[in-house]
Amino acid sequence: MLPMSVRCNTCGNFLYIGTKFNMRKETCLDMDYLGVKIFRFYFKCTCCHSQITMRTNPKEHDYVCEHGASRNYEAWRDIAHAQTILEAQKKLEG
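Definitions and cut-offs
Residues numbered from 1 in each chain as written. Predicted model: local features only at pLDDT ≥ 70, side-chain atom pairs only at ≥ 80, totals over all residues. Heavy atoms only, no water. Salt bridge = Lys/Arg side-chain N within 4 Å of Asp/Glu carboxyl O. Helix = DSSP H or I, 4+ residues; strand = E, 2+ residues; numbered from the N terminus. Buried < 20%, exposed > 50% of the residue type's maximum accessible area, 1.4 Å probe, protein only. Core = buried A, V, L, I, M, F, W, Y, C linked by side-chain atoms within 4.5 Å. Contact = heavy atoms within 4.5 Å.

On to the pattern of salt bridges. Oppositely charged side chains can pair when the atoms bearing their charge come close. Counted under the stated rule, the structure contains 4 salt bridges. In this structure, arginine 40 engages glutamate 66 in a salt bridge whose closest nitrogen and oxygen atoms are separated by 2.7 Å. In this pair, arginine 40 is assigned in strand β4 (residues 36–44) and glutamate 66 in strand β6 (residues 62–67), connecting sequence segments 26 residues apart. Across the pair aspartate 62 and arginine 71 runs a salt bridge whose closest N-O atoms are separated by 3.0 Å. Judged by its relative accessible area of 27%, arginine 71 is partly exposed. Connected through shared salt-bridge partners, Glu26, Arg40, Arg55 and Glu66 make up one network.

Structure below.
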């Protein structure tokens, strides 16, 4: 299942969070984060059948689109980032 909503760069089709795919998994042997393995997933767009690649990002507890798609805008990420910036500024002031 897709962990996030993405848009295909080839045809512009939206692939929504929770959509089931048959994915091919690959372990990235040249990359790891503090001993945690990083996995790369390959799947195809449902409309144009172009290949899309994403990999895990254990540092941020997230996924990264590498090729063939771009992640949709998620407003809650900006809110969380803004809150952390405000907290840091309050600590510096007080």
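A few words on the nonpolar core. Core analysis: the biggest nonpolar cluster contains 12 residues, these being Leu2, Met4, Val6, Cys8, Leu15, Phe21, Phe41, Phe43, Cys45, Ile52, Met54 and Ala69. Where this core is concerned, the elements lending two or more residues are β1 (6–8), β4 and β5 (51–57). Setting aside chain neighbours within four positions, we find phenylalanine 41 in contact with Met23, Arg24, Lys25, Ile52, Thr53, Met54, Thr56 and Tyr63.

This brings us to unusual backbone geometry. With phi around 65°, histidine 49 is a residue other than glycine that occupies positive phi space. Along the polypeptide, histidine 49 turns up in the loop between β4 and β5. Note on histidine 49: relative accessible area 53%, which makes it exposed. In this structure, histidine 61 is a non-glycine residue whose phi angle is positive, near 55°. Looking at where histidine 61 falls in the secondary structure, it is placed in the loop between β5 and β6.

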